[in-house]
Amino acid sequence: MSDVQGVVFDQNAAVDTSFVKGQEQEKRCRDPAFAVLFYIQLVAITAIAVVYGRQPFQEALDTDDQNQNVSAGDFAGYIYAAVMMSGAAVVLSALMLSVMLRIPSFLIKASLIFVVVLSGLSAVAAVLSGAVGAAIPALIVFAIGLCYARAAWPRIPFATANLVTATTAIKSNCGVAVIAYFLIALTFGWNLLWILAVLGVFETTSTCTTDPQTGLETCDQLGSPLMFVLLISYFFTFSVLQNVVHVTVAGTVGTWWFVPEEGKACCSSGVYNSLYRSLTTSFGSICFGSLVVAIVQALRQMVHSARQQEGGILLCLLECIIACIEDIIEYFNKWAFVYVGLYGYSYFEAGKNVFSLFRNRGWDAIIADNLVGNALFLVSLVVGGLTGGVGIAIAATPILDDAAGNATLITFFIGFLVGLVICSVLMSVVGSGVNTVIVLYAEAPAEFQQNYPELSNQMREAWQKVYPGLV
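Here's a quick rundown of the structure.

Criteria and thresholds
- Residues numbered from 1 in each chain as written.
- Predicted model: local features only at pLDDT ≥ 70, side-chain atom pairs only at ≥ 80, totals over all residues.
- Heavy atoms only, no water.
- Helix = DSSP H or I, 4+ residues; strand = E, 2+ residues; numbered from the N terminus.
- Polar contact = N/O pair within 3.5 Å; in protein donor to acceptor, adjacent residues only side chain to side chain.
- Contact = heavy atoms within 4.5 Å.
- Phe/Tyr/Trp six-rings, centres within 6.5 Å; stacked < 30°, edge-to-face > 60°.
- Buried < 20%, exposed > 50% of the residue type's maximum accessible area, 1.4 Å probe, protein only.
- Core = buried A, V, L, I, M, F, W, Y, C linked by side-chain atoms within 4.5 Å.
- Patch = residues over 30% accessible without salt bridge, like charges linked within 9 Å, V, L, I, M, F, W, Y side chains within 5 Å.
- Areas by Shrake-Rupley, 256 points an atom, 1.4 Å probe, with all protein chains shown as cover.
- Salt bridge = Lys/Arg side-chain N within 4 Å of Asp/Glu carboxyl O.
- Axes fitted to C-alpha atoms, helices over the stretch in contact; angles between N-to-C directions.
- Left-handed = near helix turned anticlockwise from the far one by under 90°.

The next subject is the side chain of Q41. Looking at the secondary structure, you find Q41 in helix α1 (residues 32-52). Within the structure, the side chain of Q41 is placed 2.4 Å from the side chain of S233, a separation counted as a polar contact. Once residues lying within four places of it in the same chain are set aside, the contact partners of Q41 are W190, S233, F236 and T237.

It is worth spelling out the packing of aromatic side chains at this point. Applying the stated criterion across every chain yields a total of 24 aromatic pairs. Seen in terms of ring centroids, F38 and F236 are 5.4 Å apart; in terms of plane orientation they differ by 90 degrees. Their pairing is edge-to-face. Taken as a pair, F38 in helix α1 and F236 in helix α8 (residues 224-258) lie far apart in primary sequence, 198 residues in all. There is no split in this pair, since F38 and F236 are both buried. By way of ring pairs, the aromatic residues F34, F288, F332, F337, Y347 and F348 are connected into one cluster.

The next subject is the nonpolar core. Formed by 98 residues in total, the largest nonpolar core has its most connected members in M100, L163, V240, W257, Y339, M427 and F448. Counting residues per element, this core draws most heavily on α8, which supplies 16 residues. In contact with Y339, other than residues within four places in its own chain, are G22, G344, Y345, A350, N353, V354, L357, V439 and E443. Residues Y78, A395, L400 and A407 belong to the second largest nonpolar core, which totals seven residues.

On to a nonpolar patch on the surface. The grouping of I113, V117, L121 and W153 at the surface amounts to a nonpolar patch, some 380 Å² of accessible area in total. The topology assignment puts V117 in helix α4 (residues 104-128).

Looking now at the packing of α1 against helix α7 (residues 175-205). Two elements in contact, α1 and α7, have axes whose closest approach is 8 Å; the angle formed by their N-to-C orientations is 65 degrees. In the packing of α1 onto α7, the handedness of the crossing is left-handed. Between α1 and α7, the contacting residues are Q41, L42, I45, T46, I48, A49 and Y52 on the first element and W190, L193, W194, L196, A197, G200, V201 and T204 on the second.

In structure tokens, the structure reads:
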């Protein structure tokens, strides 16, 4: 994409403001030092888990075997049921994409009403229970929710247009959803690997003593600096896996937007090229942004643990401050990684370009909208409930005749969680697509009009209703 000068109109400005459209960057590794750092910590955690983690893990399994009073067969039916419910959740999640394209406005309105009603019910429950301390904050939240709903209601056409466009792009390139599910599976594997490493470090560094009178064994806790490093490693890898998906989606939607012939198949070249860039030339930028968040998250976890042990208002305030910093950084990353995926910018260059674009076009308030996020969460809840219903149906079959516990209740709970998680992964892909659409329409509406005139006309009409004069 070439460097194109454009003229835009800021509704609050007296004169036109010039800006430079994003352009595809030279194919070279960005922020490579952070990619190297990521691989170093990954290799270190893997080595620790392999060398030191096997023995304590095996000891824990042996202890469980000695204390186990229920046969494995009692839970085999639940495993089969979980597999079947996972398949049902994938099908239901895919069907919800089609539903979202047919009734997007209804879903957004329903989600907005749902949030208000939920906060209202919480306030009523607090009042009826006589918990004055909880009732006052709940009533305040309910009042804020009503005000937010009233202010956000006129923006529903804008949110609807973005949701329809993003869902269309994702549906045309469904391979990104497969990538997301695969990386989620890697996340589960990383959780196990990290736990093994922590067990190994604890086994190696801690000293245990046995009380001769009670026979109870007490062990030293991991030192704070060591635990802090381990937490950074955990959150670092977790964030990298998440952001690889986000950057891949951004690149795929960008290809669909600018070069339709390369972005209209499940495993299109747009999907492949975007994933390749996320794992190679842009991987350092992903690691850079993920490390910043990981450090703050680890610090917050350390403060939270200290507050749980010692209490105190100062630690509570410190945790709130760190939480706010974390939210700000994650907010910055959400939009910076869109530019990383679209054009291959470095981390800092991407963030600077995105916020400069929104500021120059006078659209700062647009990115505060959370209507689409509410709708995606509601869809995930619906799929969770439906999958729980499938679980109830399975509980009535012979598969769970020998299952332990209340099979109906347990299968519904498992089904709800499985459906919620699986659908949330797909909806997170759609959410990344919505963020990308907002940036692309701010920067390249002409290309959208040329390639997708029907969608473009719907988008332009919706945006002009909510933000007249900006497009």
